[in-house]
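Analysis of the macromolecular model
Chain by chain, the residues:
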Amino acid sequence: MRSAEELRYLILAAQREGNRLLAQALRPLGITPSQAEVMRLLQDRQPLTLSGLGELLVCESGSSPSRLVDRLVSTGLVHRAVPEHDRRHIELSLTEEGARIARQVAEIEEGLHRSIDAAVKDHDLAQITGFLWTFVADLPAGHALARRTER
């Protein structure tokens with residue numbers, strides 16, 4: 001296996017395992033990793049329009065987050081509102097229950113991040129993230145992440 005292929009599969013394996021661990025931890029809350037990403041973005045930046053949310057999502061970059069939002073609205077975690085100043089936009093915000101769940105999601109994410117910190121403690125994280133930023137720089141998910149990190 002050539003090095004580039006090995007790297008590609010290592011990135012894929014790390015993403016899948018990280019997502020599996022996150023999904024497992026989120027299961028008691030009744031939400032998916034993609035729904036958790038929506039909730040955390042709203043927790044940090046609400047209110048957001050549907051298009052504004054879509055520009056920040058990594059899980060669904062390049063597509064509409066409508067399906068994710070519809071599910072969160074139907075379960076009472078996200079509220080849709082039409083602002084009087086611009087009826088063409090729908091603003092999204094967390095409900096009280098959504099804010100409670102988002103706080104729990106943040107705690108779960110913190111635990112996952114501690115595990116990642118432990119795994120990379122003997123490695124040059126700046127070099128790893130530098131490479132990954134270069135790799136995704138001109139791709140939709142990279143653009144979404146750059147907007148989120150104000151990079």
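Going by the structure above, here's the rest.
Given the structure is predicted, the values throughout are model-derived calculations rather than measurements. (Residues numbered from 1 in each chain as written. Predicted model: local features only at pLDDT ≥ 70, side-chain atom pairs only at ≥ 80, totals over all residues. Heavy atoms only, no water.)

**Comments concerning the packing of aromatic side chains**
Basically, it comes down to this: Stacked, edge-to-face and tilted are the three classes for Phe, Tyr and Trp ring pairs, Trp counted by its six-membered ring, which pair at centre distances within 6.5 Å; planes under 30 degrees apart are stacked, over 60 edge-to-face, the rest tilted. Numbering of helices and strands starts at the N terminus; helices are DSSP runs of H or I of at least 4 residues and strands are runs of E of at least 2. Burial status follows relative accessibility: with a 1.4 Å probe on protein chains alone, a residue under 20% of its type maximum counts as buried, one over 50% as exposed, and anything between as partly exposed. Charges are assigned to positions over rings by a cutoff of 6 Å between ring centre and Lys NZ or Arg CZ, combined with an angular limit of 35 degrees from the ring normal.
With the rule as written, the count across this model stands at 1 aromatic pair. Look at Phe131 and Phe135: their rings are 5.9 Å apart centre to centre, the planes differ by 35°, and that puts the pair in the tilted class. Here Phe135 and Phe131 lie together in helix H6 (residues 125–136), a separation of 4 residues that amounts to about one turn. By relative accessible area, which is 35% here, Phe131 ends up partly exposed. With a relative accessible area of 53%, Phe135 lands in the exposed category. If you follow Arg8 out to its NZ or CZ, it ends over the ring of Tyr9, 4.4 Å from the centre.

**Overview of the pattern of salt bridges**
Our working rule: Just to be clear on terms, a salt bridge is a Lys or Arg side-chain nitrogen sitting within 4 Å of an Asp or Glu carboxyl oxygen.
If you walk through the whole model with that rule in mind, you get 8 salt bridges. For Asp44, the salt bridge is made with Arg40, and the minimal N-O distance between the two is 3.7 Å. Note that Asp44 and Arg40 are positioned in helix H2 (residues 33–45) at a spacing of 4 residues, about one turn of the helix. Salt-bridge contacts for Glu109 lead to Arg40; the nearest nitrogen and oxygen are separated by 2.7 Å. Here the residue Glu109 occupies a position in helix H5 (residues 96–120), and Arg40 occupies one in helix H2, the gap between them amounting to 69 residues. Taken as a pair, Glu109 and Arg40 share a single burial class, namely buried.

**Digging into the nonpolar core**
What counts, and what does not: Definition used in this section: a nonpolar core is a set of buried Ala, Val, Leu, Ile, Met, Phe, Trp, Tyr and Cys residues joined via side-chain atoms within 4.5 Å. In what follows, a contact means two residues having at least one pair of non-hydrogen atoms within 4.5 Å.
One finds Leu26, Ile31, Met39 and Leu53 to be the most contacted residues of the largest nonpolar core, which totals 24 residues. When contributions to this core are tallied by element, the ones reaching two or more residues are helix H1 (3–26), H2, helix H3 (50–56), helix H4 (66–74), strand S3 (91–94) and H5. Looking at which element gives the most residues to this core, the answer is H2, with 5 residues. In contact with Leu53, not counting residues within four places along its chain, are Val38, Leu41, Leu48, Pro65, Val69 and Leu92.

**As for a nonpolar patch on the surface**
Where we set the bar: Here, patches come from residues exposed beyond 30% relative accessible area and free of salt bridges, joined within 9 Å for like charges and within 5 Å for nonpolar side chains (Val, Leu, Ile, Met, Phe, Trp, Tyr). Calculation of accessible area relied on Shrake-Rupley with a 1.4 Å probe; when residues are assessed, cover is drawn exclusively from the protein chains displayed.
Where nonpolar side chains cluster on the molecular surface, the patch consists of Leu7, Ile11, Leu125, Ile128, Phe131, Leu132 and Phe135 and spans about 560 Å² of accessible area. Of all the secondary structure elements, the ones that give two or more residues to the nonpolar patch are H1 and H6. The element that contributes the greatest number of residues to the nonpolar patch is H6, accounting for 5 residues. You can see Ile128 is positioned in helix H6.

**Structural notes on the side chain of Gln35**
As for its placement among the helices and strands, Gln35 is situated in helix H2. With sequence-adjacent residues up to four places away left out, Gln35 is seen in contact with Gly30, Leu68, Arg71 and Leu72.

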